[in-house]
Amino acid sequence: MHVAQWLCYNLGGYQAHHKSVKIMNGLLVFWTKILGTTYHYSGRENLVKNVPLIFVSNHQSMYDISPLEYDLADYHPKFISKIELGKGIPSVSYNLRKGGSALIDRKNGKQAIEEIKKLAQYIQKNNYSAIIFPEGTRSKNGTPKAFKENGLKVLTKYAKDAYIVPVTLNNTWELTKYGKFPLNVGTKVTIQYHQPIKVSEYKFEELFELTEKTVKSSITA
């Protein structure tokens, strides 16, 4: 898929590359299904179109990414990721660098803010979406950590027409309960999209509190 992405990006541009990424994520989801993993989505009918969207999710596993990015492909999701992931990982690093995501240096606050600002302006201009995990790191056992506000604050400041979509993930942590290998068998993953929240209708403090409360309201861990 790394080679396929390179060819699509260099020969067909953004749209071709975007389609290759959807195929890659579809394959990643498919391989987990071989182990008996099931995915149940709910609330997708709530999603609004032709506006920028900010998907705010709890974070349990590296396997949070592929089912979200595959299911939300029509919304052109971009990620906020630590800069270290931009190199050394076939397919993943290439997609982060070329697909429009923000690669932030956690040790350089000024750089991080500028990258998130660019991402916010990008989704605002193109009516694309961003996916952010405000916990910062994976919870690993499903129990959510406190949300950090900085990334979401910058996104909402520069994507003023956006809607926040709180997302609750359950049980992706069980896929990796034994580590990266072997993956667990028969995991039942649920992904819930909550009612979108219009950014412009709230002060940030209210927006942040409401978003965190909504995401965590349906976590079953």
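Residues numbered from 1 in each chain as written. Predicted model: local features only at pLDDT ≥ 70, side-chain atom pairs only at ≥ 80, totals over all residues. Heavy atoms only, no water.

- Taking an unreviewed UniProt entry as the reference, the protein is identified by name as 1-acyl-sn-glycerol-3-phosphate acyltransferase belonging to Empedobacter brevis NBRC 14943 = ATCC 43319.
- One UniProt comment on the protein, placed under Pathway (unreviewed entry), says "Lipid metabolism." (UniProt positions renumbered as here; feature names shortened; annotations may be inferred.)

Regarding the pairing of strand β6 (residues 163–170)
The two faces of the sheet receive side chains in turn, since in a regular strand these alternate between them.
(1) Moving on: Within β6, seven of the eight residues are buried, leaving the element largely enclosed by the surrounding structure.
(2) Moving on: Bridge analysis of strand β2 (residues 53–57) against β6 gives five bridges, and the strand direction is parallel. If you follow Ser57 over to β6, its bridge partner there is Val167.
(3) Moving on: When β6 meets strand β8 (residues 197–198), the two strands line up antiparallel, connected through two bridges. Bridging across to β8, Ile164 finds its partner in Ile197.
(4) Moving on: Two strands pair when backbone bridges link them, and β6 and strand β7 (residues 188–193) are joined in this way by four bridges, in the antiparallel orientation. Each bridged residue has a counterpart across the sheet, and for Leu169 the counterpart in β7 is Ile191. (Buried < 20%, exposed > 50% of the residue type's maximum accessible area, 1.4 Å probe, protein only. Helix = DSSP H or I, 4+ residues; strand = E, 2+ residues; numbered from the N terminus. Pairing = 2+ DSSP bridges.)

Some details on helix α5 (residues 150–158)
(1) Moving on: Among all positions in α5, only Gly151, Leu152, Val154, Leu155 and Thr156 are buried.
(2) Moving on: If you follow the buried residues of α5, they end up packed against β2, β3 (77–82), α4 (109–126), β5 (129–132), β6 and α7 (204–216). (Contact = heavy atoms within 4.5 Å.)

Re α4
(1) Moving on: The end-to-end C-alpha distance of α4, which contains 18 residues, comes to 26 Å, matching closely the 26 Å that a straight helix rising 1.5 Å per residue would cover.
(2) Moving on: Structurally, α4 contributes buried residues whose contacts are with β2, β3, β4 (102–104), β5 and α5.
(3) Moving on: At the exit of α4 stands Asn127, carrying a positive phi of roughly 55°. (Expected span 1.5 Å × (residues − 1).)

Some words on the environment of Asn184
(1) Moving on: Tracing the sequence through the fold places Asn184 in the loop between α6 (172–175) and β7.
(2) Moving on: On the basis of relative accessibility, which here comes to 13%, the residue Asn184 falls in the buried class.
(3) Moving on: Separated by 152 residues in sequence, Asn184 and Thr32 have C-alpha atoms that sit 9.3 Å apart.
(4) Moving on: Each residue touching Asn184, except ones within four places of it in the same chain, is listed here: Leu35, Glu174, Leu175, Lys177 and Tyr178.
(5) Moving on: From its side chain, Asn184 meets the backbone oxygen of Glu174 in a polar contact 3.4 Å long. (Polar contact = N/O pair within 3.5 Å; in protein donor to acceptor, adjacent residues only side chain to side chain.)

Brief notes about the packing of aromatic side chains
(1) Moving on: Tallied over the entire structure, the rule returns eight aromatic pairs.
(2) Moving on: Among the aromatic residues, those joined into a cluster by ring pairs are Tyr41, Phe55, Tyr75 and Tyr193.
(3) Moving on: Against the face of Tyr70 rests Lys22, its NZ or CZ located 5.9 Å from the ring centre. (Phe/Tyr/Trp six-rings, centres within 6.5 Å; stacked < 30°, edge-to-face > 60°. Lys NZ or Arg CZ within 6 Å of the ring centre and 35° of its normal.)

Some points on the UniProt feature "domain: Phospholipid/glycerol acyltransferase" (unreviewed entry) in the protein
(1) Moving on: UniProt's entry tags residues 53–172 with the feature "domain: Phospholipid/glycerol acyltransferase" (unreviewed entry), counted in the numbering of this structure.
(2) Moving on: Helix makes up 35% of residues 53–172 and strand 22%. Its end C-alpha atoms lie 23 Å apart.

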